[in-house]
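Remarks on the overall topology
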Amino acid sequence: MGRKLNILVVDDDAANADSLAELFAMDDHQVIVAYDGEQAIEAFTLNKVDVGFFDVMMPKKNGVDSFMQIKSKFPDARIYFMTGYSADDLIDKAVKGGALGVFSKPVDLGRILEAVEREAV
């Protein structure tokens, strides 16, 4: 097991966000949860975040636009996306903007944990 991370989980579905946060916390990672894109930007700005897991489709500001704003201030930001939609244009924008990857919802928890382990090295 690698180092403990500060992980930002962003999802407008509170149950999804909170359950993913609990999973990371069980491995002793510090977890910050945000429920929309605006909260994500604020959380990333106020905290040291090692890696983020952002929902793509959210009210107020979608995850990709939030990511792009974060990336402009923090070029080394490390973000994965999760989506239950086929938002190809947004996903393409995220990947071209430097996203680490995209997980389809419902997320495969094993693959998510593997991604966290890669980041913790």
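Parameters at a glance
- Counting starts from 1 at the beginning of each chain's written sequence and moves along it residue by residue.
- A pLDDT threshold of at least 70 governs which residues receive local features in this predicted model, and a stricter bar of 80 or more applies before side-chain atom pairs are shown or counted, although totals over entire chains, interfaces and linings include all residues.
- Side-chain metrics in this entry use all non-hydrogen atoms of the structure; hydrogen atoms and water are not considered.
- Where helices and strands are cited, they refer to DSSP runs of H or I of at least four residues and of E of at least two residues respectively, numbered from the N terminus.
- Whether two strands pair comes down to DSSP finding at least two bridges between them.
- Here the axes come from fitting lines to C-alpha atoms, over the contacting stretch only for helices, and the angles between their N-to-C directions go from 0 to 180 degrees.
- Between Lys or Arg on one side and Asp or Glu on the other, a salt bridge is scored when a side-chain nitrogen of the former is within 4 Å of a carboxyl oxygen of the latter.
- Exposure is judged per residue with a 1.4 Å probe applied to protein chains only, and the accessible area is read against the type maximum: over 50% gives exposed, under 20% gives buried, and values in between give partly exposed.
- As used in this record, nonpolar core signifies buried Ala, Val, Leu, Ile, Met, Phe, Trp, Tyr and Cys residues forming a set joined through side-chain atoms within 4.5 Å.
- The contact criterion used is simple: two residues touch if any of their non-hydrogen atoms lie within 4.5 Å.

1. Here's the deal with unusual backbone geometry
Glycine aside, the phi torsion of most residues is negative, and most peptide linkages are trans. With an omega of -5°, the peptide bond running from lysine 105 to proline 106 counts as cis. Along the chain, the position of proline 106 falls in the loop between β5 (101-104) and α5 (109-119). Its identity is not glycine, yet aspartate 28 carries a phi of approximately 65°, on the positive side. Following the sequence through the fold, aspartate 28 ends up in the loop between α1 (14-26) and β2 (30-34). Backbone geometry at lysine 60 places phi at a positive 70°, although glycine is not the residue there.

2. Quick look at the sheet that holds strand β3 (residues 51-55)
The sheet built from 5 strands is open, its strands ordered β2-β1-β3-β4-β5 with parallel pairing. Edge positions in the open sheet fall to β2 and β5, since each of these has one partner strand only. If you compare each strand with its neighbour and ignore which way they point, the axes differ by 20° on average. Direction of pairing for strand β4 (residues 79-83) relative to β5: parallel, over a ladder of 4 bridges. For tyrosine 80, the partnering residue across the bridge sits in β5 and is glycine 101.

3. Looking at the pairing of β2
Judged from the 5 bridges that link them, strand β1 (residues 6-10) and β2 form a sheet pairing that is parallel. Directly across from leucine 8, in β2, lies its bridge partner isoleucine 32.

4. Observations regarding the pattern of salt bridges
Enumeration over the complete set of coordinates arrives at 8 salt bridges. Here lysine 93 makes a salt bridge to aspartate 65, at a shortest N to O gap of 2.8 Å. Taken together, the positions of lysine 93 in helix α4 (residues 88-96) and aspartate 65 in helix α3 (residues 63-73) put the pair 28 residues apart, joining distant regions of the chain. According to the relative accessible area criterion, aspartate 65 is partly exposed, its value standing at 29%. What emerges from the salt-bridge pattern is a single network uniting Arg3, Lys48 and Asp50.

5. Some words on the nonpolar core
Counting 20 residues, the largest nonpolar core has Leu8, Val10, Phe44, Phe54, Ile79 and Phe81 as the members making the most contacts within it. Of all the secondary-structure elements, those providing two or more residues to this core are β1, α2 (37-46), α3, β4 and α4. For leucine 8, the contacting residues outside a window of four places in its chain are Ile32, Ala34, Ala40, Ala43, Phe44, Val49, Val51, Gly52, Phe53 and Phe54. Ile7, Leu20, Val51 and Met82 belong to the second-largest nonpolar core, a separate cluster that totals 16 residues.

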